[in-house]
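Letter by letter, the chains look like this.
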Amino acid sequence: MNRLKVAAMVSVGSHPASGRPCRAPLDARAVEMGLGLDGAELQMVHAGDPDNPALRDYLGMGLPTLTVLQQPAQGDSIPALLQWARREQPELLLLGCRANGGEDSGMAPFLLAQALGYAVVVDAVQIEVRDRELEIVQALPRGQRRLIRAELPCVVAVGAAAPAPRQSAYGPARRGRIAIEPVEPAVDIEAMHWEIQPARKRPKRLKVVKAKTAAERFMAATAVQGGGKTVRGVSPTEAARVIYDYLKEEELVTR
Amino acid sequence: MSDSQRPTRKRLDPRETELGQVGNSDRRRINRGQPQPIATAKRAGQRVRRDPRAERSISAGSAGRQRVSLRGLVTTGAETITTSVETGPRMVRIDEPAFLVSVVPDAPSGRLTGHDRDLLGVARSLADAGGGAVLMILFGPLKDDPGAAGADRVMTFEGPGFAGYAPELRSAAVIDAAAQTASRHLLFPDSAEGGGELGRRVAAQLGERPATGAWRVDPERTTCRIAAGKQDQVRPTPRVLLVAAEAADPVSDALYEARPLPTPEVVGAVLLEDGGRIAVDPDDVALAEAEFIVSAGNGVQDWDSFHQLATRLGAAEAGSRVVVDAGFIPRFRQVGATGTLVTARGYLAFGISGAPQHLQGITQCDHVIAVNTELGCDMMKRASLSVVGDAQAIMPELIRLVEVEGEQA
């Protein structure tokens with residue numbers, strides 16, 4: 001039985017406190033997920049500068065080699081990654097939902113899937129491969145989870161709720177090999193005309209009272225907000241029915 | 001020698017220096033520029049004065065004593081007259097818009113979120129700047145008023161294919177709708193509720209480069225937060241925008257038409273199958289993130305029923321400070337100023353009177369249901385549904401009802 005070809009596409013992030021280059025948190029989770037797949041042949045690939053010290057952190061997670069498609073760090077990585085994926089034909093592509101320190105648009109999984117004709121699932125926290133079938137657990141807001149079934153080939157973007165990546169070990173990081181492949185540099189012409197500036201603090205939203213008269217302003221400031229429905233003088237059975245109907249109408253209970 | 005007799009130094013009159021020849025007259029006057037027309041109006045006695053007696057005789061249609069209250073001028077003992085004119089929201093109708101701005105709100109379970117309303121505010125600013133209109137694209141019915149939220153047109157895709165998790169068919173539908181209406185912009189909320197994913201899918205399929213995390217949008221330029229929140233990117237406003245929360249104020253003072261538009265037939269390849277929600281133990285989720293909370297206060301004595309009800313409803317358990325201090329609920333499940341500030345969509349409170357510290361903890365809850373023996377307490381005023389009754393009697397009835405309904409379903 002031939003082994004499942006899995007590729008983890010990694011990028012370089014910036015440390016939240018020091019700003020130094022490090023593993024991108026979500027990409028590291030994607031590598032961790034790939035390492036946890038039984039019977040899979042995992043490859044790591046990066047498009048950018050092979051001398052970046054953060055790439056060694058990925059090798060420290062246990063894989064012997066990291067393929068680097070050499071191009072300037074500011075270039076567009078998608079064409080290079082696509083070219084590589086078309087040649088290597090991985091059946092499962094793992095990557096973080098969004099980068100950390102670049103444009104961070106979160107478009108990479110969708111662009112790759114669109115160009116390759118793969119299915120795409122985002123915010124994955126767990127995957128299971130059975131024959132050619134994938135069972136993916138997707139994280140939803142408020143700690144909820146959803147099961148998604150897909151068939152290979154597939155792009156799976158890993159979310160922040162996925163298991164934390166293992167620590168990078170020093171020895172394997174030194175021993176690991178960075179295999180450099182030159183690619184045609186793709187210049188992001190559109191983005192060169194965009195203005196980049198330090199993040200400005202966003203204005204806090206103020207509570208605005210849209211009252212036209214002094215009396216309305218006074219009422220808005222003093223009145224207790226209300227207007228809810230009140231049920232009184234009913235039996236407990238009827239009261240329970242009212243509560244249940246309300247819960248059902250607002251879809252708080254699904255059963 | 002007295003002071004009056006002392007010889008004084010000859011002083012200079014400052015006006016003397018300013019006097020000059022003004023106009024054609026021979027008289028020397030201080031030159032202050034152009035003569036002021038207001039002075040002539042005043043001299044002519046044109047000032048309009050109020051006549052309070054006349055005003056009062058007009059406003060008081062019938063006999064009765066007049067007094068001025070906070071609500072305006074009121075006549076007691078007769079029909080009430082309010083001087084402030086009751087103006088409803090401004091009605092807006094755009095029949096032939098120059099272009100359309102399409103908005104795809106999340107609207108989970110048919111209700112617009114705060115993020116959705118902010119997004120519609122952005123859409124309105126883009127549309128109003130050039131005489132355009134806002135098209136709201138919905139999947140399934142909306143319980144809120146789309147016109148009050150700012151939609152001129154509404155397109156609702158309904159059918160089993162769009163229900164649940166269907167990002168592929170939905171993105172195909174959005175692309176078809178945008179093509180049919182030739183929308184100038186496509187706006188999505190950059191949220192985890194599905195808008196972020198749908199918007200990126202649509203952008204990838206259209207081959208557009210979207211602005212993501214956009215927080216300042218005008219017709220020419222868009223500012224996006226990039227580089228893990230450390231930088232801003234200013235770029236020309238693209239066709240597809242994924243807008244951050246609070247990027248604009250929601251529409252509040254106008255009512256738009258919300259005219260329904262016919263939906264195109266949608267065909268799209270579906271590669272993903274929705275396996276449904278996975279049951280998550282509500283107590284594993286952090287209380288601040290829980291979606292539905294059942295909370296107990298001092299009015300609860302029947303703790304077996306309380307725990308059973310929470311399990312049956314699939315809700316997280318919580319309590320007020322009193323029951324936590326008494327040891328019935330663990331400290332990390334306390335709601336309020338000294339506990340957790342919760343963001344649940346639903347909050348079902350049994351026997352909680354609503355101390356200010358507790359109400360601070362539930363300010364972000366959308367649907368508060370209070371069960372209490374006393375109607376006048378603050379919790380009942382805060383609640384969207386208040387039930388006067390004993391928690392010990394209502395809880396077992398509710399458990400029974402949930403069981404019966406669960407069997408029928």
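Residues numbered from 1 in each chain as written. Chains lettered and ligands numbered in written order. Predicted model: local features only at pLDDT ≥ 70, side-chain atom pairs only at ≥ 80, totals over all residues.

Caption draft 1: Quick look at the sheet that holds strand 9 (residues 145–151) of chain A. Strand order in the open sheet formed by 10 strands is 11(A)-5(A)-4(A)-1(A)-6(A)-10(A)-7(A)-8(A)-9(A)-16(B), with mixed pairing between adjacent strands. This sheet does not close on itself; its edge strands, each paired only once, are strand 11 (177–182) of chain A together with strand 16 (273–278) of chain B. Recorded for the sheet is a direction-independent mean angle of 35 degrees between the axes of neighbouring strands. When strand 7 (residues 119–130) of chain A meets strand 8 (residues 133–139) of chain A, the two strands line up antiparallel, connected through six bridges. Bridging from a neighbouring strand, Q126 of chain A pairs with V137 of chain A of strand 8 of chain A. Strands strand 1 (4–9), strand 4 (40–48), strand 6 (92–96), strand 7 and strand 10 (154–158) of chain A of the sheet are contacted by helix 1 (residues 25–35) of chain A, whose axis makes an angle of about 145 degrees with strand 6 of chain A. (Pairing = 2+ DSSP bridges. Helix = DSSP H or I, 4+ residues; strand = E, 2+ residues; numbered from the N terminus. Axes fitted to C-alpha atoms, helices over the stretch in contact; angles between N-to-C directions. Contact = placed C-beta atoms within 7 Å.)

Caption draft 2: Geometry of the packing of helix 4 (residues 108–116) of chain A against helix 7 (residues 195–206) of chain B. Taken N-terminus to C-terminus, the directions of helix 4 of chain A and helix 7 of chain B make an angle of 45 degrees; their axes are 9 Å apart at the nearest point. The angle between helix 4 of chain A and helix 7 of chain B falls in the class oblique. Crossing of helix 4 of chain A against helix 7 of chain B: the hand is right-handed. Together, F110, L111 and Q114 of chain A of helix 4 of chain A and R200, R201, A204 and Q205 of chain B of helix 7 of chain B make up the contact between the two elements. Here the residues of the contact of helix 4 of chain A with helix 7 of chain B are counted per class, giving three nonpolar, two polar and two charged. (Parallel < 35°, antiparallel > 145°, perpendicular 65-115°, else oblique. Left-handed = near helix turned anticlockwise from the far one by under 90°. Nonpolar A, V, L, I, M, F, W, Y, C, P; charged D, E, K, R; others polar.)

Caption draft 3: Molecular detail of the interface of chain A and chain B. At the interface, 63 residues of chain A touch 69 residues of chain B. Among the secondary structure elements, those contributing two or more residues to the side of chain A that touches chain B are helix 4, strand 7, strand 9, strand 12 (195–198), helix 7 (214–222), strand 13 (229–231) and helix 8 (236–249) of chain A. Element by element, the count of residues in the side of chain A that touches chain B is highest for helix 8 of chain A, at 10 residues. Per-class residue counts for the side of chain A that touches chain B are 30 nonpolar, 15 polar and 18 charged. Of the pairings in the sheet, the one linking strand 12 of chain A to strand 12 (residues 231–236) of chain B comprises four bridges and is antiparallel in character. The residue of strand 12 of chain B that forms the bridge with Q197 of chain A is D232 of chain B.

Caption draft 4: Inspection of the pairing of strand 18 (residues 316–319) of chain B at higher detail. All names here are of chain B. Here strand 18 shows two buried faces, one formed by A316 and A318 and the other by E317 and G319. Judged from the four bridges that link them, strand 17 (residues 292–296) and strand 18 form a sheet pairing that is parallel. By the bridge assignment for strand 18, V294 is matched with E317. Handedness of the β-α-β unit built from strand 17, helix 8 (residues 303–313) and strand 18 comes out right-handed. (Buried ≥ 20, exposed ≤ 12 C-beta atoms within 10 Å, placed from the backbone. Right-handed = clockwise from strand over helix to strand, strands pointing away.)

Caption draft 5: Up close: the environment of L12 of chain B. Residues and elements named next belong to chain B. Position of L12 among the secondary structure elements: in the segment before helix 1 (14–18). For L12, a count of 8 C-beta atoms within 10 Å gives the class exposed. Along the sequence, L12 and P262 sit 250 residues apart, while their C-alpha atoms lie 86 Å from each other.

Caption draft 6: Here's a closer look at the nonpolar core. Core analysis: the biggest nonpolar cluster contains 111 residues, and L93, V121 and V156 of chain A together with V103 of chain B have the highest contact counts within it. Discounting residues that sit within four places of it in the chain, V121 of chain A has contacts with I136, Q138, I148, A150, C154, V156 and A157 of chain A together with L272 of chain B. Counting 48 residues, the second largest nonpolar core, distinct from the first, contains A310, I352, V368 and A391 of chain B. (Core = buried A, V, L, I, M, F, W, Y, C linked by C-beta atoms within 7 Å.)

Caption draft 7: A look at helix 3 (residues 77–88) of chain A. Residue and element names in this part refer to chain A. With 12 residues, helix 3 extends 17 Å between its outermost C-alpha atoms, agreeing within 8% with the 16 Å of an ideal straight helix rising 1.5 Å per residue. Residues of helix 3 that are buried include every one of S77, A80, L81 and A85, and no others. Taken end-on, helix 3 shows its buried residues confined to a sector of 130 degrees, consistent with a single buried face. Looking at helix 3, the residues exposed on the side facing more than 90 degrees away from the buried face are R86 and R87. For helix 3, the elements touching its buried residues are strand 1, strand 4, strand 5 (65–70), strand 6 and helix 4. Backbone geometry just downstream of helix 3 places Q89 in the positive-phi region, at approximately 55 degrees. (Expected span 1.5 Å × (residues − 1). Arc of directions from axis to C-beta.)

Caption draft 8: Structural view of the environment of R20 of chain A. Residue and element names in this part refer to chain A. Here R20 lies in the loop between strand 2 (12–14) and strand 3 (21–23). Here R20 falls in the exposed class, since 10 other C-beta atoms lie within 10 Å of it. Residues R20 and C97 lie 77 residues apart in sequence; the distance between their C-alpha atoms is 21 Å. Not counting residues up to four positions away in its chain, the partners in contact with R20 are S14 and H15.

Caption draft 9: Just the packing of helix 6 (residues 167–181) of chain B against helix 7 of chain B, in detail. Residues and elements named next belong to chain B. In the contact formed by helix 6 and helix 7, the axes pass within 9 Å of each other and the chain directions differ by 60 degrees. As the angle between them shows, helix 6 and helix 7 are arranged oblique. For the pair helix 6 and helix 7, the sense of crossing is right-handed. Here P167, R170, S171, V174 and I175 of helix 6 come into contact with helix 7, specifically with E197, L198, R201, V202, Q205 and L206.

Caption draft 10: Looking closely at the confidence of the model for chain A. Put simply, chain A has an average pLDDT of 88, and 95% of its residues get 70 or more. Strand 10 of chain A holds the highest mean pLDDT among the elements of chain A, 95, whereas helix 7 of chain A holds the lowest, 73. (pLDDT = per-residue confidence, 0-100.)

Caption draft 11: Here's a closer look at the confidence of the model for chain B. Residues and elements named next belong to chain B. Mean pLDDT over chain B works out to 84, with 82% of the residues at or above the 70 mark. Scored below 50 in pLDDT, residues 36–43 makes two contacts in the model with residues more than four places away or belonging to other chains. In this model residues 75–85 is a low-confidence stretch, pLDDT under 50, and it forms 27 contacts with partners more than four residues away in sequence or in other chains. Predicted complex, confidence summary: ipTM 0.87, pTM 0.76.

Caption draft 12: Inspection of the sheet that holds strand 12 of chain B at higher detail. If you walk across this open sheet you meet the 10 strands as 12(A)-12(B)-11(B)-10(B)-13(B)-9(B)-6(B)-7(B)-8(B)-15(B), and the pairing is mixed. Taken across any chain shown, the strands that pair with only one partner, and hence form the sheet edges, are strand 12 of chain A together with strand 15 (259–260) of chain B. As paired elements, strand 11 (residues 221–226) of chain B and strand 12 of chain B share six bridges and run antiparallel to each other. Bridge pairing in strand 12 of chain B places C224 of chain B opposite Q233 of chain B. Docked against the sheet, helix 4 (residues 114–128) of chain B engages strand 6 (100–103), strand 7 (133–139), strand 9 (185–189), strand 10 (211–217) and strand 13 (240–243) of chain B, running at close to 160 degrees with respect to strand 9 of chain B. Helix-sheet contacts for helix 7 of chain B involve strand 9 and strand 13 of chain B, and the interaxial angle to strand 13 of chain B is about 165 degrees.

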